Amino acid sequence: MAGDTLTIAMPKGRILREALELFEAAGYPVEEGAFESRKLTVTLPEAGLSFFLSKPGDVPTYVEYGVADLGVVGKDVLMEEGRDVYELLDLGISRCRIAVAALPDWRPSLHPRVATKYPRIAGRYFLEQGEQVEIIRLNGSVELAPLIGLADRIVDIVSTGRTLRENGLVELETVSVVTSRLIANRASFRLKSGAVDRLCSRLAAVTKEGVRT
Amino acid sequence: MGKLRQFEKPTGFRDFPPPTAAKKRLLERRVQTCFQQWGYREVLTPTLEYFDTVGAASAIPEYKMFKLIDREGKTLVLRPDLTAPIARMVSSVMKDEPLPLRLFYHASVFRAQDDSARTVEFFQSGVELVGDPSPEADAEVIALAAEALSACEISSFQLAVGHVELLDALLQEQVEDPGQVERLKERLGARDVVGYKEQVAQLDVSPEGRNLLLRLPHLSGGKDRLEFLRPQMRSRRVENAVRHLREMWEALEDFGASRHVVLDLSLVGSLHYYTGVYFEGYALPSSFPLVSGGRYDRLLERFGRPAPATGFALKTDRLMEASPAADREMERVALFYPRSARREAIRRAQELRREGKAVILHVADDKDPKTEIDADRVVRWEEGEDGR
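- As recorded in an unreviewed UniProt entry, chain A goes by ATP phosphoribosyltransferase and comes from Planifilum fulgidum.
- Taken directly from UniProt, the Subcellular location (unreviewed entry) text for chain A runs: "Cytoplasm".
- In UniProt, chain A has this text filed under Sequence similarities (unreviewed entry): "Belongs to the ATP phosphoribosyltransferase family. Short subfamily."

### Observations concerning the overall build of chain B
Logical step 1: In terms of helices and strands, chain B carries 12 helices and 15 strands.
Logical step 2: Seen through its principal axes, chain B has C-alpha atoms that stretch 95 × 50 × 45 Å.
Logical step 3: Each of the 388 residues in chain B was classed as buried or not, and the buried ones make up 41%.
Logical step 4: Counted over contacts in chain B with a minimum sequence separation of 6, partners at least 24 positions apart contribute 70%.

### Structural notes on the sheet that holds strand E13 (residues 332-337) of chain B
Residue and element names in this part refer to chain B.
Logical step 1: Pairing in this open sheet of 3 strands is parallel, and the strands run E14-E13-E15 from one edge to the other. In this open sheet, the two edge strands, each paired with only one partner strand, are strand E14 (358-363) and strand E15 (377-380). Neighbouring strand axes in the sheet, compared pairwise and without regard to direction, differ in orientation by 20 degrees on average.
Logical step 2: In terms of strand pairing, E13 meets E14 through 6 bridges, oriented parallel. Residue phenylalanine 336 lies in a different strand from E14, and its bridge partner there is histidine 362.

### Some points on the sheet that holds strand E12 (residues 309-315) of chain B
Residue and element names in this part refer to chain B.
Logical step 1: Spatial strand order, E1-E5-E6-E12-E11-E10-E7-E9-E8: 9 strands in an open sheet with mixed pairing. Of all the strands in the sheet, just strand E1 (41-42) and strand E8 (220-221) have a single pairing partner and so form its edges.
Logical step 2: Where strand E7 (residues 158-163) and strand E10 (residues 277-282) come together, 6 bridges link them in antiparallel fashion. Residue pairing across strands places glycine 162 opposite tyrosine 278, the latter belonging to E10.
Logical step 3: With respect to the sheet, helix H1 (residues 18-37) is in contact with strand E5 (101-110), strand E6 (121-130) and E12, its orientation differing from that of E6 by roughly 5 degrees.

### Thoughts on the interface of chain B and chain A
Logical step 1: Opposite the 19 residues of chain B that make contact, chain A presents 17 residues.
Logical step 2: For the side of chain B that touches chain A, the elements supplying multiple residues, two or more each, are E7 and helix H7 (193-202) of chain B.
Logical step 3: Here the side of chain B that touches chain A takes 6 residues from H7(B), the largest share from any one element.
Logical step 4: Here the residues of the side of chain B that touches chain A are counted per class, giving 9 nonpolar, 6 polar and 4 charged.

### Re the pairing of strand E4 (residues 75-78) of chain B
All names here are of chain B.
Logical step 1: Note: strand E2 (residues 48-50) against E4, 3 bridges, orientation antiparallel. Following the sheet pairing, tyrosine 50 is matched in E4 by leucine 76.
Logical step 2: Counting the residues between successive antiparallel strands, the hairpin from strand E3 (residues 67-69) to E4 contains 5 residues, one of them, glycine 73, with a positive phi of roughly 90 degrees.

### Focus on helix H1 (residues 14-25) of chain A
All names here are of chain A.
Logical step 1: Taken residue by residue, H1 has Ile15, Leu16, Ala19, Leu20, Leu22 and Phe23 as its buried positions. With its buried residues spanning 160 degrees around the axis, H1 presents them on a single face.
Logical step 2: The secondary structure elements touched by the buried residues of H1 are strand E1 (6-11), strand E4 (70-74), strand E11 (180-184) and helix H7 (193-206).
Logical step 3: Once H1 finishes, glycine 27 follows within two positions and takes phi at roughly 100 degrees, a positive value.

Conventions and cut-offs
- Residues numbered from 1 in each chain as written.
- Chains lettered and ligands numbered in written order.
- Predicted model: local features only at pLDDT ≥ 70, side-chain atom pairs only at ≥ 80, totals over all residues.
- UniProt positions renumbered as here; feature names shortened; annotations may be inferred.
- Helix = DSSP H or I, 4+ residues; strand = E, 2+ residues; numbered from the N terminus.
- Buried ≥ 20, exposed ≤ 12 C-beta atoms within 10 Å, placed from the backbone.
- Contact = placed C-beta atoms within 7 Å.
- Pairing = 2+ DSSP bridges.
- Axes fitted to C-alpha atoms, helices over the stretch in contact; angles between N-to-C directions.
- Nonpolar A, V, L, I, M, F, W, Y, C, P; charged D, E, K, R; others polar.
- Arc of directions from axis to C-beta.

This is the structure:
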C-alpha cells in the first residue's frame, strides 16, 4: 500500500519546532509558519503526509480514535493519558523530566498535598513510594502552588529548571525522563504499514537520542 | 451529581433505535449463517456469573468488571466475556458431550472503562472450538473469522496473527531472567515498542540475540518470516511453535484465507490467558480491531475438564460502523380502513404479509385524517373496495 496518505497530529507549543526540524531533516520539509494564519492542516502531497495541530494532551486521543494515523507527543502526555496506541519511536527531542519540587525549607505536613498537571503520574509515583498524599490537579502555573500555600510539593515538567529557580523551588526527585515519541493508531500501524515503516525509519535515521531500528 | 432526569440511563450504556437495531440484527444473521454452515451450534449463558469462578478465569482484568453482591454475600460479575462462561458450560452441563465441540454465541459483554463516558456494554458474536489442538483448528477459526468479515461486506481487511508461546520461547532463549521476559512481553502487550527496545538495549545478551530481539517488532509478513527464524531455533519449544505456525499457514492457504493474514511475531493478546496463536482483525476506516481471538489451552482445566480450545469474538459495535451492508427491507404498507370493513381489511393484510410485505393496520378516523404512519406506501380502504 505505497499510496497511502498518513495524517499526523502535531502538538502545539514547545515540541512543534523541534519536531518540524526533525521531519525536515528526514526529508519532509514543513515550515512552522505554515501552521500560522489559523491554517488547520498542512499537506506534503509528494510525501503523502498531512499534518494538523492540536493541543498536546489531545494527540493520543486523536490517534487512538484514528482521525490521525500518527502523532508526535511527549512521553509525559502518554503516561498521563494511558491511551491504547502504538509507541513506535523515541524522537529524542524536547528532552526534559517530570520531577518533584518544593521550597527549600519544606517539611512534610500532616496531610501532604501535591499539586500537578499530571494527577495519574503523580498518584502512581507516590503510591510506589508508599507515600500517602493528596493530589491536587491544576491546569497551569503549578509552580505557584507551594508559594501560595496550596501544596507542599509539586510534580511538574522540568527542562532547564529555570522556572523552578525563578520561583525559588528546588528539585527533589526525578519521576521520569521525558522525550517526544512517534505514536500510531492500531489499525493504521497494520493497514498502512508500508508508509508507516518508511516514515519511521527515515525519522529514526535522523533521531539523535532515539533507539535505532 | 444532580437529580436524575427521567430519560437518563447508566453512563456507558446505549439504546438502539430501529435503524441501529436492524443493522446489528442484519450482521448477526449474516455471521450466524457462516457459523452454522461450519457446524457451530448456538449457546446462551447467564448475564451474571460468580466472580470467583468465571470472573477470575476471564481474560478481562478485574478492574474492568462490574461487580454485584448476591443475597448470600457472594460476589457476582456482569459477564466480561463469553469464553470463560462457555468453558464453564462445556465442563458442566455439556460434560458428557464428546469433544471437539463447535459453539457460537451472540451476546453482550460488560467492561467498565476509566473514561466514564465510554461504552461499557459491547455486543459480540463469536465461536469457540473446544477440544482440537491441531494447526487446522487454528486455521479454521481464522478462516471462519475471515468469512464472517466478508459476509459483513468488509473489504480488504487484515488479520494479524501472533503466537504467544513462540514469543515467550524466543525471549526465553535469549533472556534468562523470567522477570525480564515478563516485562518484555508486557511492553509488547502495551504496544510500547520504544520501551521494549530500551529494555532490550540494556539486556546482557549476545549481539545476535540482541539483533533478533530488536527485529522482533518489525517481523511481520507471510510464511517467509518463519524461515527467518530457522537459524535461531535452539529450543524444542521454538521449533514446535514454528512448525505449528507453518502448518497453520499451509492450512490457511488451503482455506483460501492466507491472503488476509499477516504474521506478526510481536503481537500478544491478554498475557497469562492465550497460550498459542493470537489474532486481531482490522479494516479501514475503522480504527479499532473488528475481531480478536486465539488459542487458550489452559482455561478449560480451571473448570475441571482440561482441553485445548480456540475461538474469536467479532466486535459487533465496530462492525456496524465499518460494514456497508444494508438489507433490502420489506416494503412497508400502511392500510387504512373504516371500522365497517375491518374483517376484510385484516384478511387483505394477511394476504399482503404472505406476499412478503410488512402491513400496518390503522383505523381510518375522520376526526384525525392526518395520522402519519412510517410506510413506503399508503393504501386507503374506501367503502365497498377490496383494498387492491
